[in-house]
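Architecture and fold: a report
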Amino acid sequence: MKVFSTLRALRAYEREHLPFLLTLEDFDVIREIGYHQESGTPLTLKLLFLQNIGSIATIQRRVRRLKRLGVVQQRRSDADRRNIELTVDPEVLGAYKRMAGLLKRCG
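Residues numbered from 1 in each chain as written. Predicted model: local features only at pLDDT ≥ 70, side-chain atom pairs only at ≥ 80, totals over all residues. Heavy atoms only, no water.

**Observations regarding unusual backbone geometry**
Of note in the backbone geometry, Asn52 takes a positive phi value of approximately 60° without being a glycine. Mapping Asn52 onto the fold places it in the loop between helix H3 (45-49) and helix H4 (56-68). (Helix = DSSP H or I, 4+ residues; strand = E, 2+ residues; numbered from the N terminus.)

This is the structure in structure tokens:
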């Protein structure tokens, strides 16, 4: 498959299955949280701020919106109750796994 055909198919998938991701920051926030969740090291809000995705205010606003939509979940860290760990909702994680499968078939 050609590069732009693949990109077009991926974007169509995102529009259909991930309509709540509106900005580049939304995509980056979900990607970082999912990456850390997948690697077994939950991402804290402070570490998310240090990823240089955007300003602190922007990241706070994007995370608040994604939490309100149920896309991002938070819980207190077992190790340090002051920290809040962020995770991606299992349904959203499933959508990303299906998208990864689509990429494998296309590539």
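**Let's talk about the nonpolar core**
Judged by nonpolar contacts, the single largest core of 25 residues is most densely connected at Val29 and Leu48. Counting only elements with at least two residues in this core, the list comes to helix H1 (3-17), helix H2 (24-39), H3, H4, strand E3 (84-88) and helix H5 (90-106). Residue contacts for Leu48: discarding those within four places in its chain leaves Val29, Glu32, Leu43, Ile53, Ile59, Val63 and Leu86. (Core = buried A, V, L, I, M, F, W, Y, C linked by side-chain atoms within 4.5 Å. Buried < 20%, exposed > 50% of the residue type's maximum accessible area, 1.4 Å probe, protein only. Contact = heavy atoms within 4.5 Å.)

**Re H5**
In this model H5 runs 24 Å from its N-terminal to its C-terminal C-alpha over 17 residues, within 8% of the 24 Å that 1.5 Å per residue would give. Of the surrounding secondary structure, the elements contacted by the buried residues of H5 are H1 and E3. (Expected span 1.5 Å × (residues − 1).)

**Looking at the confidence of the model for the chain**
The share of residues in the chain with pLDDT of 70 or more is 98%, and the mean pLDDT across the chain is 90. In the model of the chain, H5 stands out as the element of lowest mean pLDDT, 86, in contrast to H4, which has the highest, 95. (pLDDT = per-residue confidence, 0-100.)

**Brief notes about the side chain of Glu85**
With respect to the helices and strands, Glu85 occurs in strand E3. By relative accessible area, which is 11% here, Glu85 ends up buried. A distance of 3.3 Å separates a polar atom in the side chain of Glu85 from a polar atom in the side chain of Ser77. In contact with Glu85, not counting residues within four places along its chain, are Pro42, Leu43, Gln73, Gln74, Arg75 and Ser77. (Polar contact = N/O pair within 3.5 Å; in protein donor to acceptor, adjacent residues only side chain to side chain.)

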